Every structure is written in C-alpha cells, then in structure tokens.
Amino acid sequence: MTAFVLVGEVFTGGWVWDGVVERLRSAGAEVHAATPPADPGADLGTHVGEVVRLIDGAAAGQVVLVGHGYGIHPALGAADLRAGRVARVVHLDAGLPQDGDQPLKLLPDEEVRDRLARAATAGAGGEATPLPPPASPGEWGRWGSTDGVPAGELERLTRLAVPQPPGTLTAPLRLTGAAAGVPTSGVLCTGNGAGIATVQALVGLGDPRLRALTDPGVTFFELDTGHWPMLSVPDELADVLLRAAAGEGHRLTPPGDEPPPHLRPFLLDVPELPRERIGRVDLYPSAGEAADRPAPAVVLVHGGPVPAGAVPTPRDWPTYAGYARYLAGLGAVGVTVDHRLHEITDYGRAAEDVAGAVELVRADPRVDADRVALWFFSAGGLLSADWLAAPPPWLRCVALTYPVLAPLPNWGLSGTRFRPAGALGGAGRPPVVLTRVERERPEIARTVGEFLAAAGEAGAAVEVVDVPLGHHGFETVDRTPQARRAVERAARSVLDHLRA
C-alpha cells in the first residue's frame, strides 16, 4: 500500500486536498493531509514537526511526500529527518529550496516577499503579526495563477484560509543532506510557470544548479492549469501523484556530446563579417550601404535567464551572431549585447545594460542615430516594455521573436514595469514585427495571445510573421524552408521600417 502525506501552500490546511484525498483513497492509497499549526508563534520547524508526526503515524512503511508551493519546505525538512521512511518527494508547482533558504524567497508576491525580507533583516520586531490571507477571491492571483479554479472553490479557499505565521516564512530551511538520495518528481503547472520543455532548455544552458534534475531518479509531469491543481483538476492531479509514486514520468536529457539546441548552426548561410567588441557589446559594421554615410542599426536583445558562468555567452551564440551578420550584409549595423539577466530578479539590471548598449551604438559615427531598431528574443521580450511605453523618436521599429510578453505568475514580478501588453499605445508608437512559432511552449503562447489582444484594442501596428511547425529557438532547431523564410521576412520588414 502506498501512503501519501500532502503538505499545502500558505494559508491552507488539509481541507484544500479534499478532492485529491477522495480519489487517492478510492485507488487504495493511505492518505494524510497536513494542517500545520497556524498560531502566531509557529515557525518552519513547527511545521516540519507536524509533517514528521504524520510520517511516523503512517501505517505503510514508505511514504510519498507531496509539497505544494510553500509546503515543499516542511516536506523537505521532514524528509531530511525521516529519510528512511520516504520513498519519493513530489514538488507540486514548487521550487527547489536548499539548506539555509528562507521560504519567503519563493513567494510569488513581490511586495510581501520584500517586506518580510526587510523585517527578517531588521530583527524580530519588524513583522510580528501573521500574514493575512487574501480577503476576496480576486486577490488570490497575487499568490499564483487561479486558472481553472471554479468560482465556488475559490470562494471556499477564501472562506477557509488562515493567517500564515511569519516565522514559517522567515526561518531558514535546515537540511543535513540525509535525504539527498530520495527520488523526486516535479509537477509543473503550465498555467503558472514553465513547462518541461523550458526546464530542459535551461538544463541545456549548462546551469550547474539544474544538473541534478537529469538524474534517473527525477521525473516530471505537466498539468495545463494554474497554481491550484487540487482545486482545478483534482482527478488529474491524483492520477499524476499515483504515477509519480510508481516512478513514472518524463526524464530530462542530460547534456551529451552533441551541442545543445542553442549552440547548433544558424539556419542561414551568412558571411563571416568582422566584428568589433566594446565591453558587453559587439558591432558588425554595415557591409551593404555606402561607406561614407551612417547606416541604421539593429540591437539584438537575448532572452534568459542565462547562468552567469555560461560559456559561450549569448553574443557568441549562433542565433544572435547569425542575425547580426545577416543584417550587416543587408546594410544595417548588427549589434549583439550580453546583458546580465542571470536570475528572474535581474530584469532591472538587464534593462540598464540594454539602455547602455543602445546609447553606445547611437554614439558610434558609423550609425545613423535617428534610425535604430530593437529586436527582442524569448524572455528578453519583457525588456521591450520600457521602449514601447515611452518610445524615443529614433526608435523606428520593435521586433519580437518567440517572445515572452508577460511575466509568468510564479516569477514574482508583480509590478507593472515589465509587461509589454500594458505598454502598448496607438499613434506615435513604433511598429512591431512579431515572429510567432506554431509549436510554442503553452505558457509562452498564452502571453503572446494576451499581447496581440491588447494590441488590437490599442490599435497598435503589429505585423505577425508565423513559422509553421516552428519551435521556440527555431533558428537552430528547425532547418526548414518555412523557418528560413520567416527569418528573411522579419529582417526585411525591420529594415523596411528603418529605411522608411
């Protein structure tokens, strides 16, 4: 018999799992849903102790621990203390906290996270009262996507939610490593964050922190729903948990001898033009316009996050160097820049890097400072918001290729700055050239749809370049005639706007 111990998100108790518990028990499983103490003096250690109590009381010899959101912290703490009793730990739309991490680091509400961090730094007196739960159903979106949750369930969540003791969020997680060998599963809710394909791509970037995810004992599942699958898809979630307990699921591919997708050759044959490196910026001077007059420039802005130690850096990746050489051959100055988007929290710093690169490029005597385009890729798309909101007169075009156009709900970017859809306007705004791939990752495709809907309402000039059967990063993975034509068409459109 399989035993499950279910540990919930902030503000919740065992009642949040009712639909899942019923389904698991009907399949013959033993189930214990934790209701951690909610008194103001409780801390993370208190909640770990409650999970340990449930493990010790389970009839089955082995237990599958399931941690949802915040709940992964007490689940991991308990697994560390009872490693011999734990068959698997399931991260349900949860992060990968390490020894010493405070749970507040993974809170999606940026304002609350920062306030708790300041209070913890200042001492015990800064945040002495429990954190109140959302007061209305509409406020739960700040704590994770409520996509798919029926109105009745959302009202019940609001009615039964309890304040969260501050010590459960500010106390560090303590792990000895005793449970390091316990198999794990990740259940990714794509309505709230990244899916399996995105995680695989991040592994391919060489981030050493993610190397453990390719271990044979680690499996993954996806649910096309928001952050509360026990309320939106309880039957599907129960089925996934049963499969995880059986060792099923998708396994990530570790880096091999073949180059990862982002380091494969660019799909167009482009000339090996010279480049000039200035700090974080590479310039590919125009090879097509008269040498005695300045040329327009296109600044290519990569996505991310890219690990700080990644080698090569994005400006040397075939995609960006390929676009820059191709544009230079067509008469523009191609520009690549290594901005410092190493973590989701680095968007402000990355925006400063891009602005500095643009200033450097416009000051170059070979560049016509009144004819510049910015071309954003993947998660770099969020950096377009500043330029769309307050476009300078010299910005002739904004291009977006397989872009992320809204922060995913679990990124913790609750402010309004990096939201391109909200930055769109009508007259006086630069035209947008958006390259869209047919086989986009679902969590990214949603943001593109929202952006296009907002563009239609605002009357913004958006040209969509579709890539039939194309994938995210198609320039190095889809060597098809349609993919080549898409690159050529998008580049031609950008240059037409620069020359208009």
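Note that the structure is a prediction, hence the values are computed from the model and not measured. (Residues numbered from 1 in each chain as written. Predicted model: local features only at pLDDT ≥ 70, side-chain atom pairs only at ≥ 80, totals over all residues. Heavy atoms only, no water.)

Visitor: Any chance you could break down the overall build of the chain for me, citing the residues and the numbers?
Guide: The number of helices and strands found in the chain is 16 helices and 14 strands. Here the C-alpha radius of gyration of the chain, 25 Å, is about what a compact globule of 500 residues would show, namely 23 Å. Projecting the C-alpha coordinates of the chain onto the three principal axes gives extents of approximately 80 × 45 × 40 Å. Per-residue burial for the chain yields a buried fraction of 53% across its 500 residues. (Helix = DSSP H or I, 4+ residues; strand = E, 2+ residues; numbered from the N terminus. Rg over C-alpha atoms; globule rule 2.2 N^0.38 Å. Buried < 20%, exposed > 50% of the residue type's maximum accessible area, 1.4 Å probe, protein only.)

Visitor: Account for the sheet that holds strand β5 (residues 184-189), with residues named and values stated.
Guide: A sheet is described by the order of its strands in space; here six strands give the open sequence β2-β1-β3-β4-β5-β6, paired in parallel fashion. Only two strands of the sheet have a single neighbouring strand rather than two, namely β2 (30-33) and β6 (218-223). Across the sheet, the axes of successive neighbouring strands diverge by a mean angle of 20°, strand direction being ignored. As defined by bridge partners, strand β4 (residues 86-92) adjoins β5 across four bridges and the pair is classed as parallel. Bridging across to β5, Val90 finds its partner in Ser185. (Pairing = 2+ DSSP bridges. Axes fitted to C-alpha atoms, helices over the stretch in contact; angles between N-to-C directions.)

Visitor: Go over the sheet that holds strand β13 (residues 432-439), please, and point to the residues and values.
Guide: Strands in a sheet are paired, the pairing made by backbone hydrogen bonds, and the direction either parallel or antiparallel. Strand order in the open sheet formed by eight strands is β7-β8-β10-β9-β11-β12-β13-β14, and the pairing between neighbours is mixed. Each of the sheet's edge strands pairs with one partner strand only, and the pair in question is β7 (276-278) and β14 (462-471). Averaged over all neighbouring strand pairs, the angle between strand axes comes to 20°, with direction disregarded. Here seven bridges tie β13 to β14, and the two strands are oriented parallel to one another. Its bridge partner being in β14, Val437 is matched across the sheet by Val467. Sheet strands in contact with helix α14 (residues 442-458) are β12 (395-401), β13 and β14, and its direction is about 140° off that of β13. Strands β9 (295-301), β11 (367-377), β12, β13 and β14 of the sheet are contacted by helix α16 (residues 481-499), whose axis makes an angle of about 165° with β14. (Contact = heavy atoms within 4.5 Å.)

Visitor: Outline unusual backbone geometry, supporting the account with residue identities and numerical values.
Guide: In this chain, Gly304 is followed by Pro305 through a cis amide linkage whose omega measures 0°. For Pro305, the location among the structural elements is in the loop between β9 and α10 (318-329). Here the bond from Val311 into Pro312 is cis, since omega is -5°, no more than 30 degrees from zero. With a phi angle near 75°, Phe11 is a residue other than glycine that sits in the positive phi range. Here Phe11 lies in the loop between β1 (3-7) and α1 (18-26).

Visitor: I'd like to hear about the packing of aromatic side chains, residue by residue, with values.
Guide: By the definition in use, this model includes 14 aromatic pairs. Note on Trp140 and Trp228: the rings are 5.6 Å apart at their centroids and 85° apart in plane angle, and the pair reads as edge-to-face. Here Trp140, found in the loop between α4 (110-122) and α5 (151-160), pairs with Trp228, found in the loop between β6 and α8 (229-232); they are 88 residues apart in sequence, far enough to count as distant. Neither Trp140 nor Trp228 differs from the other in exposure class; each is buried. Feature note: the residues Phe266, Trp317, Tyr320, Tyr323, Trp375, Phe377, Tyr402 and Phe474 constitute an aromatic cluster, connected by ring pairs. (Phe/Tyr/Trp six-rings, centres within 6.5 Å; stacked < 30°, edge-to-face > 60°.)

Visitor: Got a sec to walk through the side chain of Glu9? Specific residues and values, please.
Guide: Take Glu9: it is sitting in the loop between β1 and α1. Notably, Glu9 is buried but unbridged: the nearest opposite-charge side chain belongs to Arg113, and the N-O separation is 12 Å. Of the polar contacts made by the side chain of Glu9, one reaches the side chain of His227; its length is 2.6 Å. Each residue touching Glu9, except ones within four places of it in the same chain, is listed here: His68, Gly69, Tyr70, Gly71, His227 and Trp228. (Lys, Arg positive; Asp, Glu negative; His and termini not counted. Salt bridge = Lys/Arg side-chain N within 4 Å of Asp/Glu carboxyl O. Polar contact = N/O pair within 3.5 Å; in protein donor to acceptor, adjacent residues only side chain to side chain.)

Visitor: Let's hear about helix α11 (residues 347-363): which residues, and what values?
Guide: Because each turn of an α-helix spans 3.6 residues, side chains separated by three or four positions end up pointing in the same direction. Along its 17 residues, α11 runs 24 Å from first to last C-alpha, staying within 8% of the 24 Å computed at 1.5 Å per residue. Turning to α11, its buried residues number three or more, namely Tyr347, Ala350, Ala351, Asp353, Val354, Ala357, Val358 and Val361. All buried residues of α11 lie within an arc of 160° about the axis, which places them on one face of the element. Among the exposed residues of α11, those pointing more than 90 degrees away from its buried face are Glu352, Glu359 and Ala363. The elements touched by buried residues of α11 are β8 (281-284), β9, β10 (333-337), β11 and α12 (384-389). (Expected span 1.5 Å × (residues − 1). Arc of directions from axis to C-beta.)

Visitor: Go over the environment of Ala295, please, and point to the residues and values.
Guide: Structurally, Ala295 is set in strand β9. Given the relative accessible area of 2%, Ala295 is considered buried.

Visitor: Please give an account of the pattern of salt bridges that cites residues and values.
Guide: Per the stated rule, a full pass over the model turns up 25 salt bridges. Ionic pairing is found between Arg142 and Glu111, a salt bridge with its closest N-O pair at 3.3 Å. In this pair, Arg142 is assigned in the loop between α4 and α5 and Glu111 in helix α4, connecting sequence segments 31 residues apart. Residue Asp282 is joined to Arg315 by a salt bridge in which the shortest nitrogen-to-oxygen separation is 3.1 Å. In this pair, Asp282 sits in strand β8 while Arg315 sits in the loop between β9 and α10, placing the two residues 33 residues apart along the sequence. For the residue pair Asp282 and Arg315, the accessibility class agrees, reading buried in each case.

Visitor: Got a sec to walk through the nonpolar core? Specific residues and values, please.
Guide: Ranked by size, the top nonpolar core spans 66 residues in total, and within it Phe4, Trp17, Leu65, Val66, Met230 and Leu241 carry the most contacts. Residues in contact with Trp17, not counting those within four places in the same chain, are Leu6, Val7, Gly8, Ala33, Val66, His68, Leu92, Met230 and Leu237. (Core = buried A, V, L, I, M, F, W, Y, C linked by side-chain atoms within 4.5 Å.)

Visitor: Talk me through helix α3 (residues 72-81); I want residue IDs and the actual numbers.
Guide: Taking burial as the measure, the 10 residues of α3 include nine buried ones, the bulk of the element. Within the span of α3, buried status applies to Ile72, His73, Pro74, Ala75, Leu76, Gly77, Ala78, Ala79 and Asp80.

Visitor: Talk me through the pairing of β11; I want residue IDs and the actual numbers.
Guide: Of all 11 residues making up β11, eight are buried, and the element is well covered by its neighbours. As paired elements, β11 and β12 share six bridges and run parallel to each other. Paired with Phe376 across the bridge in β12 is Leu400.

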